[in-house]
Amino acid sequence: MEAITATISLIQEGILDKYEEESSSSSNQSLHNEIKYFRKLLNSIKGILQDIRQQLVVEQEKTDYNHKNNTSFLKRPLLLLDDAVKEGGQVLEECSRAKNLRVHIFSKTYLGKLNGASAKMKDAMQLLTAVDITLDGSIQENLKDLNDQFHLLQQTIQHHHHEVADLFVQQQQDAFQDGIIIRRLIDLDLGTSESDIQGQMQEIADRADELRREKTFVDDQILKRVQDMSLLVNRQYSLSSKSLLLCPISMEVMKDPVLLSPSGHTYDRESICQSLLIQPDVCPVTNKRYDKQLTFTSNIGLRQVLMATYGDSAYQSYDDTWFWPRYHALWKEKQQVHSHDLAYSSYPATGNMEDLYKRVEVLLYGLHRESINDKEAELLVNYHLSDSIMIAFKSFILWRRNKTDPAIDVFAKYALLQGLARISESGNRIAQNLLGNFYLNGHGVSQDYSKAMEWYQKAASQGFAAAQNGIGYIYDTGQGVSQDYSKAMEWYQKAASQGYAAAQCNIGLLYYDGHGVSQDYSKAMEWYQKAASQGYAAAQFSIGDLYEYSQGVTQDYSKAMEWYQKAASQGYAAAQFSIGCFYEYGLGVSQDYSKAMEWYQKAASQGYAAAQYNSGYLYGHGLGVSQDYSKAMVWYQKAASQGYAAAQFSIGYLYSYGLGVSQDYSRAMEWYQKAANQGYAAAQNNIGALYEYNLGVSQDYSKAIEWYQKAANQGVADAQISVERLKQRTEKTHTRQRILKMFKK
């Protein structure tokens, strides 16, 4: 141990010498001047603080303090001033001991202390003003000078923080480019590896905790060994350039380092996105809460270290465009939680959780007790995001609203991290059901239908309706089991008998499709109505669907619109899309492309592929909006990324004719192929045309006929004509070739 510690000390001293040498070079002379100015300001501030203290003591001696109020009021500002002097002095001493540019790396720490001292100064001034004391003019002048100096100091620190931080990172890169620290530690002939050191430290710490629990005297030597070992490992990591690249959240090497403001810590972009979605106002390292939204920007200096250490390919930019709208919305929700006077506000934040779970269940599932209200459920859940079950509920709410939201997986993983599996093992049926949801959908865990069924069965055995519905869904879809509509109906009925709205709707769907039962639109309507009466959006949409397509009821676009509106008001994307279609085609309403676009956009923003495609179509044809092929391409791409064949075809079409993009038949063929492989007839027809006319591919009449025929088989008249035309042309070519052969003979 002593040998390792000594080695670390020698290396550390060498590095510090290197820093001093670097910082004293002529190229950094301007920074040296700034450091001198920085220290001068601190000295000046300390002097002012001491002068004020002395002046107030003199003032105290001159004033009659027999008045009880004056004595009590003056005591507080004097204590505040003492604290401010002490804090200002600490900052000065720390800065004075720093012999290199590292003082600026931790300048935000100093700035925080100075801000604290400044706040105490202001409090003291306000308290002194409240006391009937005439302050000496020099005291007032010093107080004003003090505030000016603080303001100037803060500006200086903020101005140079990023510039000097980047320089320091570069110096670290130079100092550690050969990995000297790691090698010295691991390669010492002591048989002690990096992992061994950590293991020993943990073993000692565990033993010390065990002795504490047993109320046994803990030998000071044991505690000192823990401290020494911790110091050793901390030194190892703090001195290693590679340690700089570890994200404090994931403890993995960062791929896209960013600097979080105002905390000043660096994280991996993806990790901080996930963290802020869970706690939007908290710095993950310090756990400090902020009263304003946090932001982050690329840490260019650390990115260079990353690339120099692991190669250029180590930097992988993470697209966080999805995150910001979600974060801003979450921040607003957080503000609502603190200001909203809800019925459940009487519940303590960390107690009576069983009652809270039941309340959330009713709001999410109905259960014949109250109308479903996802928004109120989410407000309640947001207020208790320190609880693993509530975190899992949050993931479920996000999934029900928008199944493509990346935050779903974030909250699922966090719920597991907070012990959801352990609670499930203890027999909590709510946790068991939520864990089953995670395995069914692959949220936070690898998708595993067997495990989903296992957890659903545990919860269902306790009569939990949501789990009974989950088992029914697995049999209904045949995921991990043989598809069995009869068993699906059996489990749906169990959940529906408890008023579980989703199960009631699912029974309606079985009757609608005729799965396991005779197709019966009237019975489908009956079950949809049960769920819709509880406010279940999917059932409300399904009723609208029956009215639109005259299934079991007389076709009625007005009633269809009425039910679509109910579902759409809850954010149900399919209903929003259907309303858009009604406006686009004038079904029961006046045709209005602008309103159609408005509703399509609502659904498209939730990742609804059909709405994304229709938004692109309106832009491409200038319906309700100015024609814009670039915007059309953007929306087509969104839908195509979800495998939407019509969008894939449309992208191919834009490339074929050079609309908003450079004409490129090869790219057109690529996109046509994607749509054609899904059986999209128009794409199959266009592939035939590319082969026929030698566009982006070698001319090949046989392949052209093959693709035309596929489209013709689906009823594309133009394709059938093309097949006949090419067959005749091919036959004429063969006849001509036979005649030429005869003449040659």
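First, a word on what this report is: a plain description of the structure on this page. (Residues numbered from 1 in each chain as written. Predicted model: local features only at pLDDT ≥ 70, side-chain atom pairs only at ≥ 80, totals over all residues. Heavy atoms only, no water.)

The tally for this structure, following the rule as stated, stands at eight salt bridges. For K458, the salt bridge is made with E454, and the minimal N-O distance between the two is 3.7 Å. Of this pair, K458 and E454 both sit in helix 19 (residues 449-460), four residues apart, roughly one helical turn. Taking the shortest distance from any N to any O, the salt bridge between R667 and E670 comes out at 3.7 Å. Of this pair, R667 and E670 both sit in helix 31 (residues 665-676), three residues apart, which is roughly one turn of the helix. With a relative accessible area of 37%, E670 lands in the partly exposed category. A single network of salt bridges, built from pairs that share partners, joins D256, R269 and D320. (Salt bridge = Lys/Arg side-chain N within 4 Å of Asp/Glu carboxyl O. Helix = DSSP H or I, 4+ residues; strand = E, 2+ residues; numbered from the N terminus. Buried < 20%, exposed > 50% of the residue type's maximum accessible area, 1.4 Å probe, protein only.)

This part covers the sheet that holds strand 3 (residues 295-298). The strand order 2-1-3 describes an open sheet built from three strands, whose pairing is antiparallel. A strand with exactly one partner marks an edge of an open sheet, and here the two such strands are strand 2 (266-268) and strand 3. Taking each pair of neighbouring strands and ignoring which way they run, the sheet shows an average axis angle of 40°. For strand 1 (residues 257-261) and strand 3, the ladder comprises four bridges, and the chain directions are antiparallel. Each residue of the ladder has a partner; that of L260, found in strand 3, is F296. On top of the sheet, helix 10 (residues 269-278) reaches strand 1, strand 2 and strand 3; it is set at about 95° to strand 2, its chief contact. The sheet contacts of helix 11 (residues 300-310) involve strand 1, strand 2 and strand 3, and relative to strand 1 the element is tilted by about 155°. (Pairing = 2+ DSSP bridges. Axes fitted to C-alpha atoms, helices over the stretch in contact; angles between N-to-C directions. Contact = heavy atoms within 4.5 Å.)

Counted under the stated rule, the structure contains 23 aromatic pairs. Aromatic side chains F577 and Y608 sit 5.5 Å apart centroid to centroid with 45° between the ring planes, which places their arrangement in the tilted category. With a gap of 31 residues between them, F577 in helix 26 (residues 573-585) and Y608 in the loop between helix 27 (593-604) and helix 28 (609-621) connect regions that are remote in the sequence. The class for F577 is buried, based on a relative accessible area of 15%. Cluster of aromatic residues (ring-pair linked, three or more members): F296, W322, F323, W324 and Y327. Taking NZ or CZ as reference, K458 lies 4.2 Å from the ring centre of W455, over its face. For the cation-ring pair, K710 lies above W707, with the distance from its terminal atom to the ring centre recorded as 4.1 Å. (Phe/Tyr/Trp six-rings, centres within 6.5 Å; stacked < 30°, edge-to-face > 60°. Lys NZ or Arg CZ within 6 Å of the ring centre and 35° of its normal.)

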